[in-house]
Amino acid sequence: MKDNKNLPSQVETADTEEKSYTGKQIQWFPGHMAKTRRLISENLSQVDAVLELLDARIPNGSKNPEILRLCQHKPILTLLNKSGLADPNATREWIKHYADRGHASLAIDCISGEGMKNLLPTVRELLGEKIQSYANKGMHGRKLKLMVVGVPNVGKSTLINRLAGRKRAKVEDRPGVTRDKQWVIVSDQFDLMDMPGVLWPKFEDEAVGENLAITGSIRDQILDIEHIATLLCRRLQERYPALLCERYKITEEEVAQLPDYDLLEAIGRKRGFLLRGGVVDTERTSVILLDEFRGGLIGRITLERIL
C-alpha cells in the first residue's frame, strides 16, 4: 500500500469546476487557484512591485484579500480596470477612497486605453526610492520587474498585451484562461510577470460571490444562469432603473414594482424571446441580459459603492 501522508490534498491539485452553492450562495475555487497562490508567494522575491487589477464595477468584490496578505511586503499599485464600463462618479469615489488610505491607485481601461499613459509614470513614482537605490549602486536604467495579479477575467492579459504593444499573453473573454505564470518583456525598462487569475476559498459576504458571477469572473457554465440574471435585475432596479427603462423599453412602474424574476420575464417579452404558448424563454433572456451588461450596452454601471 502506498504511503499517502505526504501527498497534497485533493483541493490543492484537482482542477475541478463544480457548482457549489449553500442555498444559492456561490463559491468557486478550482485546484489551479491553489497552485496560483503558491506561485505568487514563491515568485514575489523576483519582482519590485505588484500590479493588482480590480474590476472597476466591483472594486470590493474583485479585491482578493489573500493577495494583500501574500504581497504585503511589496509596493502595490491598485488598478481599477474596465473603468469604461463603470459609473465614472463611482470610480472617482473609489479612487478617493484608496487615496485617503494612502494606497496608490489608478482608473484604467485596457480595451480603450483610458488612463494607460499614467500607469508606468505612477509605477516609477511608487518605486522612486528603489530606483534611486539601484542608481546609487551603479545600476542606472536597471529593468523594473512587476507582477500582475487579480481575479479571473479582470483583464490581466489585455493589460499586458497593451503595454507590450503586441499580442503576447493569451486573451479570451472567459475566466481561467491563463493557467501558469509567464514573463513578458514590455520594454527596455519593464518586464511583467503574468499570474493566473485567483479567487479565495470562501466568500464570507454572499454579495461578493454574486457580483463576481454577474461580471463574469466565475464560469457561467457552473452557474444557474437565470439566478445570476435575476440578481442583476435586482441590482439594476435598485441603482440604475432609468437605464433599464431606456434599454429594454420597460415602464418606470414595471421597473419599480415587478419582482426581479418577473422583471426578467418582462425583458424577455419585450425582446420577443418567446417559446410555444407565449412562455418567455428566460434562459435566453438571462444570457442576453448578462452579455449586454458585461459589454456596457445597458450603460456605465457600478454594482458596489462606497458606504
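## So, the sheet that holds strand S6 (residues 144–150)
Across the sheet, 6 strands lie side by side as S5-S4-S3-S6-S8-S7; this open sheet has mixed pairing. The open sheet has two edge strands, strand S5 (105–107) and strand S7 (182–185), and neither has a second partner. Put simply, the sheet's adjacent strands are angled 25 degrees from each other on average, direction ignored. Here 6 bridges tie strand S3 (residues 49–55) to strand S4 (residues 76–81), and the two strands are oriented parallel to one another. When the sheet's bridge partners are listed, Leu 51 is paired in S4 with Leu 77.

## Concerning the confidence of the model for the chain
Detailed reading of the predicted coordinates is not advisable wherever pLDDT is low. Looking at the chain as a whole, its pLDDT mean stands at 85, while 84% of the residues score no less than 70. When the elements of the chain are averaged for pLDDT, helix H1 (residues 10–13) gives the smallest value, 29, and helix H13 (residues 282–294) the largest, 98. Throughout residues 1–23 the model reports pLDDT below 50, and contacts reaching past four residues in sequence, or to other chains, amount to 34 contacts. The low-confidence segment residues 171–178 (pLDDT under 50) makes 24 contacts with residues lying over four places distant or belonging to another chain.

## Side note on the packing of aromatic side chains
Throughout the structure, instances matching the rule amount to 1 aromatic pair. Relative to Tyr 98, the ring of Trp 94 lies with its centre 6.2 Å away and its plane at 35 degrees, an arrangement referred to as tilted. Taken together, the positions of Trp 94 and Tyr 98, both in helix H4 (residues 88–100) and 4 residues apart, correspond to about one turn of that helix. A relative accessible area of 7% means that Trp 94 is categorised as buried. Classification of Tyr 98 by relative accessible area gives buried; the value is 5%. Its end group placed over the ring of Tyr 134, Arg 142 keeps NZ or CZ at 4.3 Å from the ring centre.

## Digging into the pattern of salt bridges
Any two side chains of opposite charge can pair, given that their charged atoms come close. Scanning the model with the defined rule gives 16 salt bridges in all. Ionic pairing is found between Lys 130 and Asp 48, a salt bridge with its closest N-O pair at 3.7 Å. On the criterion of sequence distance, the pair formed by Lys 130 in helix H6 (residues 128–136) and Asp 48 in the loop between helix H2 (31–43) and S3 is long-range, its members being 82 residues apart. Accessibility expressed as a relative area gives 29% for Lys 130, which makes it partly exposed. Asp 191 is the salt-bridge partner of Lys 145, the closest N and O atoms lying 3.2 Å from each other. Of this pair, Lys 145 sits in strand S6 while Asp 191 sits in strand S8 (residues 190–194); the two residues are 46 residues apart in sequence, bridging distant segments of the chain.

Criteria and cut-off values
Residues numbered from 1 in each chain as written. Predicted model: local features only at pLDDT ≥ 70, side-chain atom pairs only at ≥ 80, totals over all residues. Heavy atoms only, no water. Pairing = 2+ DSSP bridges. Helix = DSSP H or I, 4+ residues; strand = E, 2+ residues; numbered from the N terminus. Axes fitted to C-alpha atoms, helices over the stretch in contact; angles between N-to-C directions. pLDDT = per-residue confidence, 0-100. Contact = heavy atoms within 4.5 Å. Phe/Tyr/Trp six-rings, centres within 6.5 Å; stacked < 30°, edge-to-face > 60°. Buried < 20%, exposed > 50% of the residue type's maximum accessible area, 1.4 Å probe, protein only. Lys NZ or Arg CZ within 6 Å of the ring centre and 35° of its normal. Salt bridge = Lys/Arg side-chain N within 4 Å of Asp/Glu carboxyl O.

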